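# Chains, contacts and geometry: an overview
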Amino acid sequence: MHALRLLMAAGLWLALAAVAQDGLTRLPQPVAQALRQSGIPESSVGIFVQEINAQRPLLASGEERALNPASTIKLVTTFAALDLLGPAYRWATEIYATGALRDDVLDGNLVIKGYGDPRLTLENFWLMLRSLRARGMREIRGDLVLDRSYFSGARNSDPASFDNEPTRPYNTPPDALLVNFKAIRLQFVPDPERRRLAIIAEPALPQVEVLNNVVLDNEPCGDWVGRLKLTALGNGAGARLLFGGNYSVACGEKQRNYSVLDHPQYVHGLFTLLWRELGGTFAGGVREAETPAGARLLLAHQTQTLSEIVRDINKFSNNVMARQLYLALGAIVSGAPATGEKSAHTIRQWLASRRLAFPELVLENGSGLSRNERLSAKSLGQLLLAAHHSAVMPELAASLPLVAVDGTMRKRLSGAGIAGQAHIKTGTLSGVRALAGYVLDRRGRMMAVVCIINHARASEAQGPQDALLKWVYGR
């Protein structure tokens, strides 16, 4: 009789365990229904949800599938960087002189050496040159020499290789001396009284000519970019942007960024423009070379801290900055020149040091702008759990978009209970929609949430993903 009772108890325990396990894998009804309505099968989805201090997931479905995570892979890159380098890490861009500096005249070359600063913007570059002018230099009689050797092992990527859109700034290849993301911002300013559209370039580089044949009309704004007709001519040394088509008065002022020059020509054009605006004299050319051994350091300019850079990367899903950070991380830890292999090795070693095993992980550039990168929802969820228990948790969590408030989540779930209660990183590619982050549910429990969808109908995934976030918040 005693043995029979033990057998019955064991059977009951196994049955309850099976039910519990089934509860972990069965999608909540609102999520399952939203998936059916979107035409996305559950076999194309990976979901992982776990309370921060729990021992096992609350929900795990397809969690071990190796999927393309799109921009949610930035969580791996940014957490690794914060943990390995520290939130206060800063990049320096150095300026050297070769030749004699007498009074305010440099009778030689000016050398600028980059170390992969992800955020050497137009404003920061201007501040650097302004500081140089303030130290007494006015005339430069030699050339501008660019030392880009820190990334020399990783500079051959084709900006057209990802989606055949080489003029879009998000395709700008990484560079040790990346200035202003190599972008030119064009402002489209309608003038109804004169029946014309002004196109204003910033910066107005002499190597880039903008020709304006756009017709201003009174049609609804709609797809204003699609109504413009752009023909880009030239090469990396100089370019001509010819605009035709139509632009509606109803659109008001708009802006769009383009990348049309090679890195050296862009830096040369911008340096010449700003130096003259600062009252300096320079008429030299540009060339590439490593910093000569006898060059004299004039200035080491530092920009924002890593924590500020990570915020820009994750809040606004900046692919160019993420690729810069990914390459720089490998060079900083393993030595220059930077290569993708060094960066991947550095991150894998770091994961191992944290006892995180992601056997399915495929890294290409650490930004998500890739068709090859792979990660499972379970691995990304484990990364979030580890990050929450790390010393850099505040910096990483604060870098994620706040639902219905800012970044790439600014316009989602406004008015829902979860608004303002979740930090969520998004990822978007053709055929891919992903999200990952933290939800503070209505009972005050912190939840790690991951949902990755790889399917031809992934563009319809917002409904199911929003349903998951609302379920996690309100259950």
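Presented here is a report on the structure given in the accompanying data block. Note that the structure is predicted; figures quoted are calculated from it, not measured. (Residues numbered from 1 in each chain as written. Predicted model: local features only at pLDDT ≥ 70, side-chain atom pairs only at ≥ 80, totals over all residues. Heavy atoms only, no water.)

## What to know about the nonpolar core
- Among the nonpolar cores identified, the biggest contains 58 residues, and Phe-79, Leu-306, Ile-347, Leu-351, Leu-380, Leu-383 and Val-450 are the most heavily contacted of them.
- Breaking this core down by element, the ones donating at least two residues are helix H3 (74-85), helix H7 (306-315), helix H8 (319-334), helix H9 (340-353), helix H10 (377-388), helix H11 (393-398), strand E18 (432-440) and strand E19 (446-454).
- Per-element accounting of this core gives the leading share, nine residues, to H8.
- Setting aside residues up to four positions removed in sequence, Phe-79 forms contacts with Trp-350, Arg-354, Leu-383, Ala-386, Ala-387, Ser-390, Val-392 and Leu-396. (Core = buried A, V, L, I, M, F, W, Y, C linked by side-chain atoms within 4.5 Å. Buried < 20%, exposed > 50% of the residue type's maximum accessible area, 1.4 Å probe, protein only. Helix = DSSP H or I, 4+ residues; strand = E, 2+ residues; numbered from the N terminus. Contact = heavy atoms within 4.5 Å.)

## Notes on the pattern of salt bridges
- Applying the stated criterion across every chain, the model contains 15 salt bridges.
- Residue Glu-288 is joined to Arg-148 by a salt bridge in which the shortest nitrogen-to-oxygen separation is 2.7 Å. Within this pair, whereas Glu-288 is found in strand E15 (residues 286-288), its partner Arg-148 is found in the loop between strand E6 (144-147) and strand E7 (184-191), the two being separated by 140 residues in sequence.
- Residue classification places Arg-148 among the buried positions, given a relative accessible area of 8%.
- In this structure, the salt-bridge partner of Arg-240 is Glu-209, at a minimum N-O distance of 3.2 Å. Taken together, the residues span a long stretch of sequence, with Arg-240 in strand E12 (residues 238-248) and Glu-209 in strand E9 (residues 208-212) at a distance of 31 residues.
- Given a relative accessible area of 37%, Arg-240 falls into the partly exposed group.
- The class of Glu-209 is partly exposed, set by a relative accessible area of 36%.
- Residues joined by salt bridges that share partners form a network here, namely Asp-104, Arg-138, Glu-139 and Arg-141. (Salt bridge = Lys/Arg side-chain N within 4 Å of Asp/Glu carboxyl O.)

## Side note on the packing of helix H2 (residues 29-38) against helix H12 (residues 462-474)
- One can describe the packing of H2 onto H12 by two numbers: an axis separation of 8 Å at closest approach and a directional angle of 175 degrees. Here H2 is positioned roughly antiparallel relative to H12, judged by the angle of their axes. Of the residues in H12, those in contact with Pro-30, Val-31, Ala-34, Leu-35 and Ser-38 of H2 are Gly-463, Pro-464, Ala-467 and Leu-468.
- Here the contact of H2 with H12 is composed, by residue class, of seven nonpolar, two polar and no charged. (Axes fitted to C-alpha atoms, helices over the stretch in contact; angles between N-to-C directions. Parallel < 35°, antiparallel > 145°, perpendicular 65-115°, else oblique. Nonpolar A, V, L, I, M, F, W, Y, C, P; charged D, E, K, R; others polar.)

## Things to note about the state of the cysteines
- The final tally for this structure, using the stated rule, is one disulfide.
- The side chain of Cys-221 participates in a disulfide bridge whose partner is Cys-251; the two sulfur atoms lie 2.0 Å from each other. Because the sign of the S-S torsion sets the handedness, a value of about 110 degrees for the bond joining Cys-221 and Cys-251 places this disulfide among the right-handed ones. Residue Cys-221 is found in the loop between strand E10 (215-217) and helix H5 (224-227), and its partner Cys-251 is found in the loop between E12 and strand E13 (254-258); the two are separated by 30 residues along the sequence. Here the two residues Cys-221 and Cys-251 agree in accessibility, since each one is buried. (Disulfide = S-S within 2.5 Å.)

## Brief notes about H7
- The buried fraction of H7 amounts to seven of the 10 residues, a majority that puts the element mostly inside the structure.
- Listed as buried for H7 are Leu-306, Ile-309, Val-310, Asp-312, Ile-313, Asn-314 and Lys-315.
- Those residues of H7 that are buried lie in contact with H3, strand E3 (90-102), strand E16 (296-305), H8, H11 and strand E17 (422-429).
- Looking one or two places after H7, you find Ser-317, whose phi comes out positive at around 50 degrees.

## Comments concerning the sheet that holds E19
- Spatial ordering of the open sheet is given by E2-E1-E19-E18-E17, a layout of five strands whose pairing is antiparallel. Each edge of the sheet is formed by a strand with only one pairing partner; in this case those strands are strand E2 (59-61) and E17. Shown here is a sheet whose adjacent strand axes are inclined to one another by a mean of 10 degrees, direction ignored.
- One ladder, built from nine bridges, connects E18 with E19; its direction is antiparallel. Across the sheet, the residue bridging to Arg-433 is Ile-453, located in E19. (Pairing = 2+ DSSP bridges.)

## Quick notes on the sheet that holds strand E8 (residues 196-202)
- Taking strand neighbours across the sheet as the criterion, the three strands line up as E8-E7-E13 in an open arrangement whose pairing is antiparallel. Two strands in the sheet have a free side with no partner beyond their single neighbour: E8 and E13. Averaged over all neighbouring strand pairs, the angle between strand axes comes to 25 degrees, with direction disregarded.
- Sheet analysis places E7 next to E13, joined by five bridges and oriented antiparallel.

## What about the packing of aromatic side chains?
- Within this structure, the stated rule accounts for 11 aromatic pairs.
- Between the aromatic rings of Phe-188 and Phe-243, the centroid separation amounts to 5.6 Å while the plane-to-plane angle is 80 degrees, which identifies the pairing as edge-to-face. Pair noted here: Phe-188 is in strand E7 and Phe-243 is in strand E12, with a separation of 55 residues, a long-range link. In terms of burial, Phe-188 and Phe-243 fall into one category: buried.
- Here Phe-271 and Phe-282 contribute two aromatic rings whose centre-to-centre distance is 5.3 Å and whose plane-to-plane angle is 90 degrees, an arrangement assigned as edge-to-face. Linking Phe-271 in helix H6 (residues 263-277) with Phe-282 in strand E14 (residues 281-282), this pair joins segments that are 11 residues apart in sequence. (Phe/Tyr/Trp six-rings, centres within 6.5 Å; stacked < 30°, edge-to-face > 60°.)

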